[in-house]
Amino acid sequence: RVEVAIELEMTVKSRHPDRGILVSYMVAPQYPKVLYITGSRAVFDRVKYQVTEQKEIPGLPLPSTGKFFFCELCELLTNPTTAPITNNTTEFRLD
């Protein structure tokens, strides 16, 4: 059994509140995985950037987001058992 924290981010917020939540999860040993479900691609990209502090560069591999896994809400609602949930290097399943 693995404890997973789940965050639902529907809108882009200012940088500071999001960063505080991310740092809390980074140092929380009770949550080896954090699943961010985002309401749009813009939110998806913003939170991923806050985790890695790197922008996506076409043609280069994406950096791992470590214990942070991401999925867009529309994908999860459309395909709950096959929705892509990833940290850019590892897939995560909701089995």
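Structure: above.
Read on for an overview of the structure. (Residues numbered from 1 in each chain as written. Predicted model: local features only at pLDDT ≥ 70, side-chain atom pairs only at ≥ 80, totals over all residues. Heavy atoms only, no water.)

**Concerning the overall build of the protein**
Here comes step 1: Counting its regular elements, the protein contains three helices and three strands.
Here comes step 2: Seen in sequence order, the protein has helices and strands lined up from the N terminus as β-α-β-α-β-α.
Here comes step 3: Against the globule reference of 12 Å for 95 residues, the protein gives a C-alpha radius of gyration of 13 Å, in line with a compact fold.
Here comes step 4: Overall, the C-alpha framework of the protein stretches about 35 × 30 × 25 Å when taken along its three principal axes.
Here comes step 5: A total accessible area of about 5,900 Å² is found for the protein, and carbon and sulfur atoms account for 58% of it. (Helix = DSSP H or I, 4+ residues; strand = E, 2+ residues; numbered from the N terminus. Rg over C-alpha atoms; globule rule 2.2 N^0.38 Å. Areas by Shrake-Rupley, 256 points an atom, 1.4 Å probe, with all protein chains shown as cover.)

**Let's talk about unusual backbone geometry**
What is expected of a backbone is that most residues other than glycine have negative phi and most peptide bonds are trans.
Here comes step 1: At E53, a residue that is not glycine, the phi angle is positive and equals roughly 55°.
Here comes step 2: Looking at the element boundaries, E53 is found in the loop between α2 (41-52) and β3 (68-72).
Here comes step 3: Non-glycine residue N88 carries a positive phi angle of around 80°.
Here comes step 4: As for its placement among the helices and strands, N88 is situated in the segment after α3 (73-78).

Worth remembering: the numbers are spatial, not functional.
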